[in-house]
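# Chains, contacts and geometry: an overview
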Amino acid sequence: SGLIKPVLHFSSNLFIKSNRLVLVRHGESEFNLKNLFCGWHDTPLSEGGRQQSRTIAAAKLVEAQFGFDKVYCSALGRSRESADVILTEMKCAYLPVVLDWRLNERHYGNLTGSNKRQVADAYGEEQVQAWRRGYDEIPPPIEPSNSYYYAILNNLAFKNIPVGQFPLSESMHMCVDRVKSIWEEIREEVLKGKRVLIVAHGTVARALVQHIEGLSNDEIVKVNVPNCVPIVYEFDLNTGELIGSSTYLGDAEYIEDMKDKVAAIGD
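Because the structure is a prediction, the values reported are computed rather than measured. (Residues numbered from 1 in each chain as written. Predicted model: local features only at pLDDT ≥ 70, side-chain atom pairs only at ≥ 80, totals over all residues. Heavy atoms only, no water.)

## Thoughts on the UniProt feature "active site" (unreviewed entry) in the protein
In the numbering adopted here, UniProt assigns the feature "active site" (unreviewed entry) to H26 and E105. In sequence the annotated residues extend across 80 residues, while in space they remain close, none of their C-alpha pairs exceeding 10.7 Å. As for the lining of the largest pocket, the annotated residues named previously contribute H26 and E105. Following the sequence through the fold, H26 ends up in the loop between β2 (14–25) and α1 (30–33). Tracing the chain through its elements places E105 in the loop between β4 (97–99) and α4 (116–123). Here E105 falls in the buried class, since its relative accessible area comes to 9%. Not counting residues up to four positions away in its chain, the partners in contact with E105 are G39, W40, L76, R78, E170, R178, H201, G202, T203 and V204. (UniProt positions renumbered as here; feature names shortened; annotations may be inferred. 1 Å grid on protein atoms, 1.4 Å probe; cavity = no way out; pocket = protein on both sides within 12 Å on 5 of 7 lines; lining within 4 Å. Helix = DSSP H or I, 4+ residues; strand = E, 2+ residues; numbered from the N terminus. Buried < 20%, exposed > 50% of the residue type's maximum accessible area, 1.4 Å probe, protein only. Contact = heavy atoms within 4.5 Å.)

Okay, here's the thing in structure tokens:
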């Protein structure tokens, strides 16, 4: 499962020059551990999340002998923290890391800080799954009474967000739209030959998957991305097209178990 296709492909008597992109969802955060809606709250990784970054993401990338030229993270600490652990383990901590707010997790509005199970008990599982997995469903906007409102609003990591673009809540669709411009910038670098690693968040990873694979809105809502399992894409540098499908680096049974866990509301 950790085997990677060669960079040169032989087809119709011509070698196709290609380049790979790797997408990783950050390790488990403290809020993931407690089953809380997190979004734009800047929670750190849990100890388990740091371990996942080392023993799953970094280990699989080392095993597959990957190298990178550049790393993209969100402006949220858990994304950068995962990237730092991965790069340290890969002995390339010197690589340039770009922090971009457009890769921030989807903003869960006033659900931020709430336990998913308790919200499901209050509003019903169907409503919670619509907020979590529906494409156009927008959670209630975050209000000043929310414990995390001011910490999010005053986070200096968000100071470069253009006026009028700071969300108070987002649907999956809004997140997909937000990610589009940064994805186009990254794709351009990949097609110029830069070896790029993206360390992002659950919904942002799904948004990137939709852009990369050209999935429909109905298809992407069924996609779940497990923490710290590298997803490898390969692009034809001549045509800019994707070669084949994505490759997950990891044990297939573990990956399916983690996808199911991500999809569930939890305890």
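## Here's the deal with the pairing of strand β6 (residues 231–236)
Where burial is concerned, most of β6 is hidden: six out of the six residues are buried. Across two bridges, β6 lies against strand β7 (residues 247–248) in antiparallel orientation. Bridging from a neighbouring strand, V232 pairs with T247 of β7. (Pairing = 2+ DSSP bridges.)

## So, the pairing of strand β5 (residues 196–200)
Taking burial as the measure, the five residues of β5 include five buried ones, the bulk of the element. Burial along β5 is two-sided: V196, I198 and A200 facing one way and L197 and V199 facing the other are all buried. Across four bridges, strand β3 (residues 70–73) lies against β5 in parallel orientation. Pairing of V71 across the sheet is with L197, part of β5.

## Re helix α10 (residues 252–263)
Between the first and last C-alpha of α10 there are 17 Å, a value that for twelve residues agrees with the 16 Å anticipated at 1.5 Å per step. Turning to α10, its buried residues number three or more, namely I255, M258, K259 and V262. For α10, the arc enclosing every buried residue in end-on projection is 105°, short of the 170-degree limit, so these residues lie on one face. Turned more than 90 degrees off the buried face of α10, the exposed positions are E253, D260 and K261. (Expected span 1.5 Å × (residues − 1). Arc of directions from axis to C-beta.)

## Let's talk about the packing of helix α7 (residues 172–191) against helix α8 (residues 202–213)
Axis separation between α7 and α8 bottoms out at 9 Å; the angle between their running directions is 65°. Judged on the interaxial angle alone, α8 and α7 are roughly perpendicular. For α7 against α8, the interelement crossing comes out right-handed. In contact with M172, C175, V176, V179, K180 and W183 of α7, α8 contributes T203, V204, R206, A207, L208, Q210, H211 and I212. (Axes fitted to C-alpha atoms, helices over the stretch in contact; angles between N-to-C directions. Parallel < 35°, antiparallel > 145°, perpendicular 65-115°, else oblique. Left-handed = near helix turned anticlockwise from the far one by under 90°.)

## Let's talk about the layout of surface pockets
Approximately 610 Å³ is the volume found for the largest pocket. Along its surface, the largest pocket is lined by 30 residues, and R25, N32, K116, N227 and V262 are the ones closest to its centre. Of all the secondary structure elements, the ones that give two or more residues to the lining of the largest pocket are α1, α5 (125–133), α8 and α10. Taken together, the residues that form the lining of the largest pocket break down as ten nonpolar, eleven polar and nine charged. (Points joined across faces, edges and corners; volume = space filled by probe spheres on them. Nonpolar A, V, L, I, M, F, W, Y, C, P; charged D, E, K, R; others polar.)

## A short note on a negative patch on the surface
A surface patch of negative charge is lined by D251, E253, D257 and D260. Here D257 shows up in helix α10. The exposure class assigned to D257 is partly exposed, which follows from its relative accessible area of 43%. (Patch = residues over 30% accessible without salt bridge, like charges linked within 9 Å, V, L, I, M, F, W, Y side chains within 5 Å. Areas by Shrake-Rupley, 256 points an atom, 1.4 Å probe, with all protein chains shown as cover. Salt bridge = Lys/Arg side-chain N within 4 Å of Asp/Glu carboxyl O. Lys, Arg positive; Asp, Glu negative; His and termini not counted. Charge placed at Lys NZ, Arg CZ, Asp CG, Glu CD.)

## Describing the state of the cysteines
Summed over all chains, the structure comprises zero disulfides. Between C38, a cysteine without a disulfide, and C175, which holds the nearest cysteine sulfur, the sulfur-to-sulfur distance is 13 Å. Here C38 falls in the buried class, since its relative accessible area comes to 7%. C73 provides the cysteine sulfur closest to C228, a residue in no disulfide bond, and the two sulfurs are 12 Å apart. For C228, a relative accessible area of 0% translates into the label buried. (Disulfide = S-S within 2.5 Å.)

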